[in-house]
Amino acid sequence: MADLSQFDRLDLAIDALLARRDSQPLAVAADLSGLVEIGAALRELPREEYRVRVRRELEDSARAAVVSLSPVRRGFRTMTPYLPVREVARLIEFMREAFGAEEICHFTAPTGSVHAEVRVGGSMVMVGGGAEWKGPPMPTSLWMYVEDADAVYARALRAGAKTINPPADQPYGDRQAGVTDFAGNQWFISTHKGPRYVPERLHDLNLYLHPTGAPELAKFVERAFGAEVVERHEAPDGSIAHAKIRIGTSVMGLSEARGEYPNMPTVIYMYVPDVDADYKRAVEAGAEPVSPPADQPYGDRSGIVRDFCGNRWFIASRLRDVEG
């Protein structure tokens, strides 16, 4: 060993160092000890193939995290009714007294406009506006299922609602009543006579539209949002007497405007997988562009279109979850 040059001895020492799996110090001559200590420290650094593998795993994890964030916000379905009203607190209080609703969040902007989110049963309703809101009244029709339609109807009247029709058995298997709140929203309170009080395909709270031109609106939502008509019944004049239309995880009712069921343009907040693509498709299907898609501070990317019946569709995708 003494006949070997310092370089050769270092080379052998490094080979021995790399061959060992323990962390014990390697016995070497004094002139090599500092260099071998450096080699030992370098030995602990990851090899190139390890770095490549770790980077690949991190990139895969990042992609998986993006994919795992649903475009639909937690707790919501594809479609959520949005009720614009000046007296937001009053409407929420009515919903609480009549239907046992729970306010989930309440936000007042510096301008005075208000946005609130309310849970009714297992469904969400958005309420917005406030005293500073200058928009036109846009009440809507909501089709809700409860365990006891008679009891909830009575509660709604005590909370200040006015009767559209008292509870009565219907030929399609529901016991149903109708009321109107102070803001003009219609609430059709039903109990289905079957294994479940909520019939198949529906949720405990569903949007119901009564447009003038229901067949044309059905065609619009098919073209614009990939909707599917899952049930359709026509009146003798060929108009739609009742239809169920599925969009994503939601189903809405649809019938031609008539009598006590006038055309009531409403606001729908709708989550979609690709807001830009769906916005473009809605405009191509004939919707009027109101506001192009943009990232919002509350974690959604959203745009707004208006259909020929006057309904305003907030088309949105969830980008990130926001605390607070």
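The present account deals with the structure reproduced in this document. (Residues numbered from 1 in each chain as written. Predicted model: local features only at pLDDT ≥ 70, side-chain atom pairs only at ≥ 80, totals over all residues. Heavy atoms only, no water.)

**Looking at the side chain of Asn311**
Heads up, the rule is: Numbering of helices and strands runs from the N terminus; a helix is a DSSP stretch of H or I covering at least four residues, while a strand is a stretch of E covering at least two. Distance and chemistry together define a polar contact, namely a pair of N or O atoms within 3.5 Å, with one atom able to donate a hydrogen and the other to accept it when in protein, and with adjacent residues in sequence counting only for side-chain atoms on both sides. In what follows, a contact means two residues having at least one pair of non-hydrogen atoms within 4.5 Å.
The topology assignment puts Asn311 in the loop between β15 (300-306) and β16 (312-318). Among the polar contacts made by the side chain of Asn311, one reaches the main-chain amide nitrogen of Thr266 at a distance of 2.9 Å. Setting aside residues no more than four positions away along its own chain, Asn311 makes contact with Leu209, Leu217, Met264, Pro265, Thr266, Ile268, Val305 and Arg306.

**Topic: helix α5 (residues 149-158)**
Here is the rule: The buried label applies to any residue whose accessible area, calculated with a 1.4 Å probe on protein chains only, is under 20% of its type's maximum; exposed applies above 50%, and partly exposed to all values in between. Summarising the geometry, the arc corresponds to the directions from the helix axis toward the C-beta atoms.
Those residues of α5 not exposed but buried are Ala149, Val152, Tyr153 and Ala156. Across the axial projection of α5, the buried residues extend over an arc of 105 degrees, all falling on one side. The secondary structure elements touched by the buried residues of α5 are α4 (88-99), β6 (162-169), β7 (174-180) and β8 (186-192). Measuring from the side-chain oxygen of the N-cap residue of α5 to the backbone nitrogen of Asp150 gives 3.2 Å; that N-cap residue is Asp148.

**What to know about the layout of surface pockets**
This is how it is decided: In this analysis, the protein atoms alone were mapped onto a 1 Å grid. Cavities are point sets where a 1.4 Å probe fits without being able to get out; pockets are open sets with protein on both sides within 12 Å along at least five of seven lines; lining residues have an atom within 4 Å of a point. Grid points are joined across faces, edges and corners, and a volume is the space filled by probe spheres set on the points. Polar here means any residue outside two lists: the nonpolar Ala, Val, Leu, Ile, Met, Phe, Trp, Tyr, Cys and Pro, and the charged Asp, Glu, Lys and Arg; Gly therefore counts as polar.
By volume, the largest pocket amounts to about 1,100 Å³. Contributing to the lining of the largest pocket are 36 residues, with Tyr82, Phe107, His115, Glu117 and Tyr298 lying nearest its centre. Counting residues per element, the ones that place at least two in the lining of the largest pocket are β1 (79-85), β2 (102-108), β3 (114-120), β4 (123-129), β13 (267-271) and β16. Residue composition of the lining of the largest pocket, grouped by class: 20 nonpolar, eight polar and eight charged. Taken as a whole, the second largest pocket encloses approximately 490 Å³ of empty space. In terms of lining, the second largest pocket is formed by 23 residues, of which the most central are Trp143, Tyr172, Gln176, Tyr208 and His242. Of all the elements in the fold, those that place two or more residues in the lining of the second largest pocket are β5 (141-145), β7, β8, β10 (228-234) and β11 (240-247). Per-element tally for the lining of the second largest pocket: the top contributor is β11, with three residues.

**Quick notes on the nonpolar core**
Threshold: Remark: nonpolar core denotes a set of buried residues (Ala, Val, Leu, Ile, Met, Phe, Trp, Tyr, Cys) joined through side-chain atoms within 4.5 Å.
Met95, Phe99, Trp187, Ile189, Phe225, Trp313 and Ile315 are the most contacted members of the largest nonpolar core, which totals 59 residues. Beyond its immediate sequence surroundings of up to four residues, Ile189 is in contact with Phe99, Met144, Val146, Ala149, Val152, Tyr153, Ala156, Arg175, Gln176, Ala177 and Val179.

**Observations concerning the environment of Leu91**
Looking at where Leu91 falls in the secondary structure, it is placed in helix α4. You can call Leu91 buried: its relative accessible area is 0%. Taking C-alpha positions, Leu91 is 9.8 Å from Asn185, a pair spaced 94 residues apart along the chain. Other than its neighbours up to four places away in sequence, Leu91 contacts Leu83, Val85, Val127, Asp181, Phe182 and Asn185.

**Topic: helix α7 (residues 275-284)**
Buried within α7 we find Val275, Asp278, Tyr279 and Ala282. Down the axis of α7, the buried side of the element spans an arc of 105 degrees, and every buried residue falls inside it. Facing away from the buried side of α7 by over 90 degrees, the exposed positions are Lys280 and Glu284. Near the N-terminus of α7, the side chain that reaches the backbone nitrogen of Asp276, with its oxygen 3.3 Å away, is that of Asp274. Where α7 ends, the next residue or the one after it, Gly286, has phi of about 115 degrees, a positive value.

**Observations concerning the sheet that holds β2**
Convention followed: Strands were regarded as paired on the criterion that DSSP finds at least two bridges between them. An axis is simply a line fitted to the C-alpha atoms; with a helix, the fit covers only the stretch in contact. Between two such axes, the angle follows the N-to-C directions and lies from 0 to 180 degrees.
Taken together, eight strands build an open sheet; the order of strands is β2-β3-β4-β1-β13-β16-β15-β14 and the sheet is mixed. Edge positions in the sheet fall to β2 and β14 (288-295), since each of these pairs with one other strand and no more. Each neighbouring strand pair of the sheet contributes to a mean axis angle of 20 degrees, computed without reference to strand direction. Summarising the sheet, β14 and β15 pair through five bridges and their orientation is antiparallel. Across the sheet, residue Asp295 finds its bridge partner in β15, namely Arg301. Those strands touched by α7 are β14, β15 and β16, and its axis lies near 5 degrees from that of β15.

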